[in-house]
Amino acid sequence: MYLPLVKCSVLQVLRVYLSYLKKLGILLGWTEDGLSDSFPLTLSFISNLQRFVTPLQKRQQRGMLFFHTTIRELQEKAPAIDWLACLKAVFHPVPMNLSQPIAVHDMDYLSNMSQLIEKWHKGRVLHIYMIVCLVGNLSPALDSQFQDARLELYKILYGKMGSRMIPAERWRKCLIDTSSFFEPVLGKMIVQEIFPEQTKKFAEQMFSVIQDALCDRLDQVEWMDEQSRRNAKTLVSRLQVEIGYPAHILQTGKVNREYQNVSYIM
């Protein structure tokens, strides 16, 4: 979801973001003294990084939504990151090698980002930047103070629309994530509770009767010639319908295999 920034000066945005970084630092246990220099430098790094982003509209105009290359060429143009090791970790167990064709969104950004990393790699800035990004993404699953800090940032940057970017209620977030992760298990439980197998069979029989009735009705349509009638009946016979739930949802063995390595903490 894209939300437009409210009318803020660059200086206002920098101040708000710096305040957000400091709040994250305090929540993570860092002292005020330890933050005095690190976060302004981190904000400088982020600002420089954002300058390299090519707007989507410009990439569309240049016909460069995707840049087709190889891992070897990407490594040459953006050497600050070990791309082969990174992609192997992301796509494990898919085999990867330097000749692997890939598509990237913005090669200029990656190249400039690599140069910026080389410039800043000796200090703490990169470590802090990675921690900030990780904590920001995980904030919905962390203590509510992290979520409140991010929500305050979004409200200032995006106005009233900013509150839509973060779930307001923790219980709803937990429910959605649990339902999504355990969808096959919960689906089976719901089916067994409210949709017995005989009901599904009855619905499938009903659909079959409707198909037959439609074919009979086609025989009575006077304005159709025989070829059109045959074509219409063929289309009707090919109609397929999913009623209630897919068959695999009741396959216990498949579900057990999917979750056999999941550890539960009560």
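Right above here is the structure, for reference.
Note that this is a predicted model, so its numbers are computed, not measured. (Residues numbered from 1 in each chain as written. Predicted model: local features only at pLDDT ≥ 70, side-chain atom pairs only at ≥ 80, totals over all residues. Heavy atoms only, no water.)

## Considerations on the overall build of the protein
The condition that has to hold: For the purposes of this entry, the term helix denotes a DSSP run of H or I that reaches at least four residues, the term strand denotes a run of E that reaches at least two, and both are numbered from the N terminus. Burial here depends on accessible area, computed with a 1.4 Å probe over protein chains only, as a share of the maximum for the residue type. Under 20% is buried, over 50% is exposed, and the range in between is partly exposed. Whether two residues touch is decided by their heavy atoms; if any such pair falls within 4.5 Å, the residues are in contact. Areas reported as accessible are Shrake-Rupley estimates using a 1.4 Å probe. Residue values count occlusion only from the protein chains shown.
For the protein, the helix and strand inventory stands at 14 helices and two strands. Considering the protein as a whole, with its 266 residues, one finds that 28% of them fall into the buried category. Within the protein, counting contacts between residues at least 6 apart in sequence, those at least 24 apart form 69% of the total. Split by element, the accessible area of the protein, about 19100 Å² in all, is 58% carbon and sulfur.

## Side note on the packing of helix 3 (residues 38-51) against helix 8 (residues 125-138)
The line we're drawing: Every axis corresponds to a line fitted to the C-alpha atoms, with the helix fit spanning only the stretch in contact, and the corresponding angles, defined between N-to-C directions, vary from 0 to 180 degrees. Put simply, angles under 35 degrees are roughly parallel, angles over 145 are roughly antiparallel, angles from 65 to 115 are roughly perpendicular, and the rest are oblique. Gly falls in the polar group here, along with every residue not listed as nonpolar (Ala, Val, Leu, Ile, Met, Phe, Trp, Tyr, Cys, Pro) or charged (Asp, Glu, Lys, Arg).
In the contact formed by helix 3 and helix 8, the axes pass within 9 Å of each other and the chain directions differ by 75°. When the axes of helix 3 and helix 8 are compared, the pair comes out roughly perpendicular. Contacts between helix 3 and helix 8 involve S38, F39, L41, T42, F45, I46 and L49 from the first element and V125, L126, I128, Y129 and V132 from the second. Among the residues making up the contact of helix 3 with helix 8, the classes are represented as 10 nonpolar, two polar and no charged.

## As for the pattern of salt bridges
Operational definition: A carboxyl oxygen of Asp or Glu within 4 Å of a side-chain nitrogen of Lys or Arg is what we treat as a salt bridge.
The final tally for this structure, using the stated rule, is three salt bridges. For D219, the salt bridge identified is with K233, shortest N-O distance 2.5 Å. Remark: K233 occurs in helix 13 (residues 226-237) and D219 occurs in helix 12 (residues 197-219); sequence separation between them is 14 residues. Overall, D219 belongs to the partly exposed group, its relative accessible area being 43%. Among the residues examined, K233 registers a relative accessible area of 28% and is labelled partly exposed.

## Comments concerning helix 8
Heads up, the rule is: Helix span, expected: 1.5 Å multiplied by one less than the number of residues in the helix.
With 14 residues, helix 8 ought to run about 20 Å at 1.5 Å a step, and its terminal C-alpha atoms sit 20 Å apart, in line with that. Those residues of helix 8 lying buried are V125, L126, I128, Y129, V132, V135 and G136.

## Remarks on the nonpolar core
Short version of the rule: To define a nonpolar core, start from buried Ala, Val, Leu, Ile, Met, Phe, Trp, Tyr and Cys residues and group those joined through side-chain atoms within 4.5 Å.
F45, L49, I71, L74, W83, L110 and M113 are the most contacted members of the largest nonpolar core, which totals 23 residues. At the level of elements, helix 3, helix 5 (71-77), helix 6 (83-91), strand 2 (101-104), helix 7 (107-120) and helix 8 are the ones that each hand at least two residues to this core. By residue number, the principal contributor to this core is helix 7, which donates seven residues. Not counting residues within four places of it along the chain, the set of residues in contact with M113 comprises L49, F52, I81 and W83.

## Observations regarding the packing of aromatic side chains
The description of an aromatic ring pair rests on the distance of the ring centres and on the angle between the ring planes. Rules: Only Phe, Tyr and Trp rings are paired, with Trp represented by its six-membered ring, and only when their centres lie within 6.5 Å; those with planes under 30 degrees apart are stacked, over 60 edge-to-face, the remainder tilted.
Under the definition given, this model contains six aromatic pairs. Look at F45 and W120: their rings are 5.9 Å apart centre to centre, the planes differ by 75°, and that puts the pair in the edge-to-face class. Within this pair, whereas F45 is found in helix 3, its partner W120 is found in helix 7, the two being separated by 75 residues in sequence. Pair check on accessibility: F45 and W120 agree, each one buried. With centroids separated by 5.7 Å and ring planes inclined at 75°, the aromatic side chains of F181 and Y259 adopt a geometry described as edge-to-face. Taken together, the residues F181 in helix 10 (residues 170-181) and Y259 in the segment after helix 14 (252-258) connect sequence positions 78 residues apart. An aromatic cluster of three or more residues is present, and its members are F45, W120 and Y129.

## Examining the pairing of strand 2
Stated formally: Here a strand pair is declared whenever DSSP counts at least two bridges between the two strands.
Side chains of strand 2 alternate between two faces, with I102 and V104 buried and P101 and A103 left unburied. Inspection of the sheet shows strand 1 (residues 67-70) paired to strand 2 by four bridges, in the antiparallel sense. Residue pairing in the sheet places T70 in a bridge with P101 of strand 2.

## What about the environment of D108?
You can see D108 is positioned in helix 7. Judged by relative accessible area, which is 41%, D108 ranks as partly exposed. The spatial distance from the C-alpha of D108 to the C-alpha of V53 is 8.2 Å, given a sequence separation of 55 residues.

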